[in-house]
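Structure assessment
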Amino acid sequence: MATKPKVLIANRGEIAVRIIRTCRDLGLPTVAVYSDSDRDSLHVEMADQSFRIGPALASDSYLSIGAILDAARKARATFIHPGYGFLAERAHFAQATADAGFTFVGPSPESIETMGDKAAARRVADRSGVPIVPGTPEPVDIRHAKKQAERVGFPLLVKAAFGGGGKGMHVVRDADHLDEALRRAAREAESYFGRPEVFLERYVDRAHHVEAQVIADTRGNVFFLGERDCSVQRRHQKLIEETPSPVMDEQLRTKFAEAAISLMKESGYVNAGTIECIVDEDGSFYFLEMNTRLQVEHTVTEMVTGYDLVALQLQVAMGEKLDLVNVPRGAAIQCRINAEDPGRNFLPGPGRITRYDEPGGPFVRVDSGVTVGREIPGDYDSMFAKLVVSGEDRERARLRMLGALSEFHVEGVPTTIPIHEWVLQSKEFRAGTHTTTWLERALADVDFPSQVDMQPAASASSTTRPADILVEVDGQRVPVRIFDERRATAPRAPSSSSAHHGEHVHGEIRAPMQGTILKVLVEKGQEIRAGEVVCILEAMKMENHIASTRDGEVTELPIHAGQVVETGQVLAVID
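What counts and what doesn't
- Residues numbered from 1 in each chain as written.
- Predicted model: local features only at pLDDT ≥ 70, side-chain atom pairs only at ≥ 80, totals over all residues.
- Heavy atoms only, no water.
- Helix = DSSP H or I, 4+ residues; strand = E, 2+ residues; numbered from the N terminus.
- Buried < 20%, exposed > 50% of the residue type's maximum accessible area, 1.4 Å probe, protein only.
- Contact = heavy atoms within 4.5 Å.
- Areas by Shrake-Rupley, 256 points an atom, 1.4 Å probe, with all protein chains shown as cover.
- Salt bridge = Lys/Arg side-chain N within 4 Å of Asp/Glu carboxyl O.
- 1 Å grid on protein atoms, 1.4 Å probe; cavity = no way out; pocket = protein on both sides within 12 Å on 5 of 7 lines; lining within 4 Å.
- Points joined across faces, edges and corners; volume = space filled by probe spheres on them.
- Nonpolar A, V, L, I, M, F, W, Y, C, P; charged D, E, K, R; others polar.
- Core = buried A, V, L, I, M, F, W, Y, C linked by side-chain atoms within 4.5 Å.
- Phe/Tyr/Trp six-rings, centres within 6.5 Å; stacked < 30°, edge-to-face > 60°.
- Lys NZ or Arg CZ within 6 Å of the ring centre and 35° of its normal.
- Polar contact = N/O pair within 3.5 Å; in protein donor to acceptor, adjacent residues only side chain to side chain.
- Pairing = 2+ DSSP bridges.
- Axes fitted to C-alpha atoms, helices over the stretch in contact; angles between N-to-C directions.
- Parallel < 35°, antiparallel > 145°, perpendicular 65-115°, else oblique.

A few words on the overall build of the chain. If you tally the helices and strands in the chain, you get 15 helices and 32 strands. Residue burial in the chain is summarised as follows: out of 575 residues, 56% are buried. When contacts within the chain are restricted to residue pairs at least 6 apart in sequence, those whose partners lie at least 24 apart make up 65%. Summing over all exposed atoms, the chain offers an accessible surface of approximately 23700 Å²; the carbon and sulfur share of this is 49%.

Structure follows, in structure tokens:
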């Protein structure tokens, strides 16, 4: 074994890059893993060693425990950091890591199992005195969920029982829509987390989403590092996070911290974790769930505390004692930069980045997994960067973020930058009165132009850019430079109108982007009305409901569930 820890990062993109940078600061060698889609990714280039673990499909690469452990053996790694997403909250991965002789940088398999099970986590919260929202005592299948829904009451939230990140989560306001929501949540839960069980809880309409950042060492020391407000959400996906929360005063913060520490001690939790709660209009908070991993938004906590949370995770994994003083200074805000087009209902837009200019200046940080010329694949999450700023107070941080967003220029793919600028200038955000449901209601009256139509045309005279890739031959990294004319310019995505219109295609429904057909909801010969859903297309971990643009009969239906389709491919013909 190596004389000092060598860290394999079982993840990709910006979080892998971020972990590599901390390891560099600590003098620890790193190992990256990659799928076929990520051969030319930044994290692969930055790590000291890199190993291919499979094809683009996540289940055959980033979710393949065997492939990841095999890479760790080849690299003679000693530690495995899961990042977030993929295997980060799977107890059997943590257990398999330990059984194979590696140190898992995170909580124990038992803690992941208990706190990752929403029903079990609620019981722990209840024992520790943390208020909980009414819901089902155990994970349920679709059949039992219908019976439990009457007891919980409407509106309610259907949630994947063994996962997070907003996947498998749907609001149901009445019994008529319960069956559809249950089936969709179960399908997403099975796809993302490997288990179809769901969990029901009462839905609080006007609430702030506030979470506690906690960390504990192996000596019994538990620390609360402040709260984060994650109320700017769309489809239960966080877009903007900040600290401190605008709805918390010192009295409420003290109660919140005491509750978080009590829950940590009751569960015997070790390493970093996040306790997610909702705060209602009366200022009462209720436990929702615990994320047994590093959070995407951990950056804002780092900006106000001065602590490197990844470094703290590694210290705990090494058995070191933590001695932390939480005296946060100022405020911090993070914007998630996703390859999505707000002007096309947040349609994901994978592709090659042809321009990439990051902002700079005092107290501005960018965590990114890309550079100009790199590809954002359609096989994974659409987030490719995070923009984080801090200031002496919330208003200074808000203005600094607006300035940084104005300097952030990306071409080749759409981005969520316009929605961030709009939110930060809204009176609701400025006043801190926005709730978890505010954004979707507010967007109903906002018309963002499609970024596809605004992209500059690629120059035909562009110089071919060489690509430097790393080839592994018998475990030895060999740098190779290739010249490929196809890399000279990025393919232009279809315009906002060309996906459904054009010469002699008035009745054709075409794929707006590359993805996988999850479900076909019509049959050949069926009568259909404009707006009715033809199929569900999954791309970049999002389900997109593809609707008919006209009334008529389905005369052609050349697709089936499980089929991978390309951008512009005909999905159905309506005549």
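Applying the stated rule across the entire model yields 33 salt bridges. In this structure, the salt-bridge partner of Arg374 is Glu45, at a minimum N-O distance of 2.7 Å. Taken together, the positions of Arg374 in the loop between β19 (364-368) and β20 (375-376) and Glu45 in helix α2 (residues 42-46) put the pair 329 residues apart, joining distant regions of the chain. Note on Glu45: relative accessible area 46%, which makes it partly exposed. Residues joined in a network through salt bridges with shared partners are Glu211, Arg228, Lys238, Glu241, Glu276, Glu297 and Arg336.

Turning next to empty space enclosed by the protein. This model, assessed by the stated rule, comprises 1 cavity of 30 Å³ or more. The computed volume of the largest cavity comes to approximately 40 Å³. For the largest cavity, the lining is made up of 13 residues, of which Pro82, Val105, Thr292, Arg293 and Gln313 are closest to its centre. Of the residues assigned to the lining of the largest cavity, the class counts are 7 nonpolar, 5 polar and 1 charged.

Formed by 55 residues in total, the largest nonpolar core has its most connected members in Ile240, Tyr356, Phe384, Phe408 and Leu424. Of all the secondary structure elements, the ones that give two or more residues to this core are β11 (237-243), β14 (331-338), β21 (383-391), α12 (394-407), α13 (417-425), α15 (438-442), β28 (533-539) and β32 (570-574). Broken down by element, this core gets its largest block of residues, 5 residues, from α12. Sequence-distant contacts of Ile240, defined by excluding residues within four places in its chain, comprise Asp229, Cys230, Val232, Ile333, Gln334, Cys335, His420, Val423, Leu424 and Phe429.

Right, let's get into the packing of aromatic side chains. Scanning all chains against the criterion turns up 9 aromatic pairs. Note on Tyr62 and Tyr380: the rings are 5.4 Å apart at their centroids and 85 degrees apart in plane angle, and the pair reads as edge-to-face. Within this pair, whereas Tyr62 is found in the loop between β3 (49-54) and α3 (65-75), its partner Tyr380 is found in the loop between β20 and β21, the two being separated by 318 residues in sequence. When sorted by exposure, Tyr62 lands in the same class as Tyr380, which is buried. Ring geometry for Phe256 against Phe285: centres 5.3 Å apart, planes inclined by 85 degrees, an arrangement best described as edge-to-face. Of this pair, Phe256 sits in helix α9 (residues 250-267) while Phe285 is found in strand β13 (residues 285-291), placing the two residues 29 residues apart along the sequence. Owing to a relative accessible area of 1%, Phe256 belongs among the buried residues under this scheme. Feature note: the residues Tyr62, Phe86 and Tyr380 constitute an aromatic cluster, connected by ring pairs. Over the ring of Phe429 we find Arg394; its NZ or CZ atom is 4.4 Å from the centre of that ring.

We now examine the side chain of Ser128. For Ser128, the position within the fold is in the loop between α6 (118-127) and α7 (142-152). Side-chain polar atoms of Ser128 contact the backbone oxygen of Ala125, separated by 2.9 Å. The contact partners of Ser128, leaving out residues within four places of it in the chain, are Ser262, Leu263 and Glu266.

Within a beta sheet, neighbouring strands are joined by backbone hydrogen bonds and run either parallel or antiparallel to one another. Pairing is antiparallel in the open sheet, where 8 strands are placed in the order β13-β12-β9-β10-β11-β14-β21-β19. Both edges of this open sheet fall to β13 and β19, since each of them pairs with a single strand only. Each strand of the sheet is rotated relative to its neighbour by a mean of 25 degrees, with strand direction disregarded. As defined by bridge partners, strand β10 (residues 222-234) adjoins β11 across 4 bridges and the pair is classed as antiparallel. Considered in β11, the bridge of Gln233 is made with Lys238. Each of β9 (207-216), β10 and β12 (271-280) is contacted by helix α11 (residues 309-317), which is oriented at about 40 degrees to β9, the strand it contacts most.

With that settled, the discussion passes to α3. Looking only at α3, the buried set comprises Ile65, Ala67, Ile68, Leu69, Ala71, Ala72 and Ala75. Check the buried side of α3 and you find it contacts β1 (7-9), β2 (30-35), β3, β4 (79-81) and α4 (91-99). Where α3 ends, the next residue or the one after it, Arg76, has phi of about 60 degrees, a positive value.

For the rest of this paragraph, the subject is unusual backbone geometry. Note the cis peptide between Phe154 and Pro155, where omega equals -5 degrees. By the secondary structure assignment, Pro155 is in the loop between α7 and β6 (156-160). Positioned with a positive phi, Arg235 is a non-glycine residue whose angle comes to about 55 degrees. Tracing the chain through its elements places Arg235 in the loop between β10 and β11.

Spatially, the 4 strands line up as an open sheet ordered β25-β32-β30-β27, and their pairing is antiparallel. If you trace the sheet from one side to the other, it starts and ends with β25 (508-510) and β27 (527-528), each paired once. In terms of strand pairing, β27 meets strand β30 (residues 552-556) through 2 bridges, oriented antiparallel. Opposite Glu527, over in β30, you have Glu553 as the bridge partner.

Moving on to the packing of α4 against helix α5 (residues 109-116). Helix-helix packing is described using two parameters, namely the angle between the two axes and the distance between the axes. For the pair α4 and α5, the least separation of the axes is 8 Å and the interaxial angle reads 180 degrees. By the angle between their directions, the pair α4 and α5 is classed as roughly antiparallel. Note on element contacts: α5 touches α4 through Pro109, Glu110, Ile112 and Glu113, opposite Ala91, Ala94 and Gln95. Of the residues in the contact of α4 with α5, the class split is 4 nonpolar, 1 polar and 2 charged.

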